Amino acid sequence: MAIRNIVTEGDPILNKVCRKVEKFDKRIWDLLDDMKETLKVSNGVGLAGPQVGVMRRLCIIDVGDGPIEFINPTIVETDGEQEVVEGCLSCPNEYGLIVRPLYVKAKAFDRNGNEFEIKGEDLLAQAMCHEFDHLDGILFKEKVERMLSPEELEEMKEQD
Ligand code: NI
């Protein structure tokens, strides 16, 4: 396994629509392993293909229960709303207030090409929306209600 460089905002790769994964082969497995390692050392919640320079529809999400791999994911159902503070490994030290669904049901494929269904609430629902958006070249900053100033972030930390 290897740690990959994370692409940051300004790189046009983050604004492109990714292609579907067609072959579930060792190349994809190695990539997913590297992404898991990279996410772990970055202390992030999620990491998508284009963030490590790969224009493929795959991502990793770990909300604290261990990493989940998503290949060619699609959202099939959402419900409710949550207003949350969100950031992105590709936009270091920037956070915004965003409205995300409270509940998301999605379908995706695992690394062996088997389709699975997953239901998530709260942070998992938020993370699925955020990471799947990356696969369509969309950054959270395009969807925020507003970005938070450093002072506001500091105040929020104090309240926690
Ligand atoms: Ni992100």
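Residues numbered from 1 in each chain as written. Predicted model: local features only at pLDDT ≥ 70, side-chain atom pairs only at ≥ 80, totals over all residues. Heavy atoms only, no water.

Caption draft 1: Main features of the overall build of the protein. A count of helices and strands for the protein gives three helices and eight strands. Ordered by position from the N terminus, the helices and strands of the protein form the series α-β-β-β-β-β-β-β-α-β-α. Computed over the C-alpha atoms, the radius of gyration of the protein is 15 Å, within 12% of the 15 Å expected from 2.2 N^0.38 for a compact globule of 160 residues. Its C-alpha atoms put the protein at 45 × 35 × 30 Å along the principal axes. (Helix = DSSP H or I, 4+ residues; strand = E, 2+ residues; numbered from the N terminus. Rg over C-alpha atoms; globule rule 2.2 N^0.38 Å.)

Caption draft 2: Layout of the coordination of the nickel ion. Donor atoms from the polypeptide that bind the nickel ion are C88 (SG), H130 (NE2) and H134 (NE2), placed at 2.1 to 2.2 Å. Of note, the donors binding the nickel ion are all from one chain and are spaced C-x41-H-x3-H. Linking C88 in strand β4 (residues 82-88) with H134 in helix α2 (residues 122-134), this pair joins segments that are 46 residues apart in sequence. We note that C88, like H134, is buried. (Donors = N, O, S within 2.8 Å, 3.2 Å for Na, K, Ca; no water. Buried < 20%, exposed > 50% of the residue type's maximum accessible area, 1.4 Å probe, protein only.)

Caption draft 3: Examining the side chain of Q51 more closely. Examined against the element boundaries, Q51 turns out to sit in the loop between β1 (46-48) and β2 (58-61). Those residues in contact with Q51, other than ones at most four positions away along the chain, are N5, I6, V7, L14, G46, C88, L89, S90, E131 and H134. (Contact = heavy atoms within 4.5 Å.)

Caption draft 4: Layout of the sheet that holds β4. With respect to topology, three strands assemble into an open sheet ordered β4-β5-β8, the strand pairing being antiparallel. Each edge of the open sheet carries a strand with a single partner, namely β4 and β8 (146-147). Sheet analysis places strand β5 (residues 91-100) next to β8, joined by two bridges and oriented antiparallel. The residue bridging L97 from the neighbouring strand is R146, located in β8. (Pairing = 2+ DSSP bridges.)

Caption draft 5: The arrangement of the environment of A48 in detail. Within the secondary structure layout, A48 lies in strand β1. In sequence terms A48 and N72 are 24 residues apart; their C-alpha atoms lie 11 Å from each other. Non-local contacts of A48, meaning those with residues more than four positions away in its chain, are made with M35, L58, C59, E131, H134 and L135.

Caption draft 6: Broad picture of the environment of I98. The residue I98 is located in strand β5 in this model. In sequence terms I98 and K36 are 62 residues apart; their C-alpha atoms lie 26 Å from each other.

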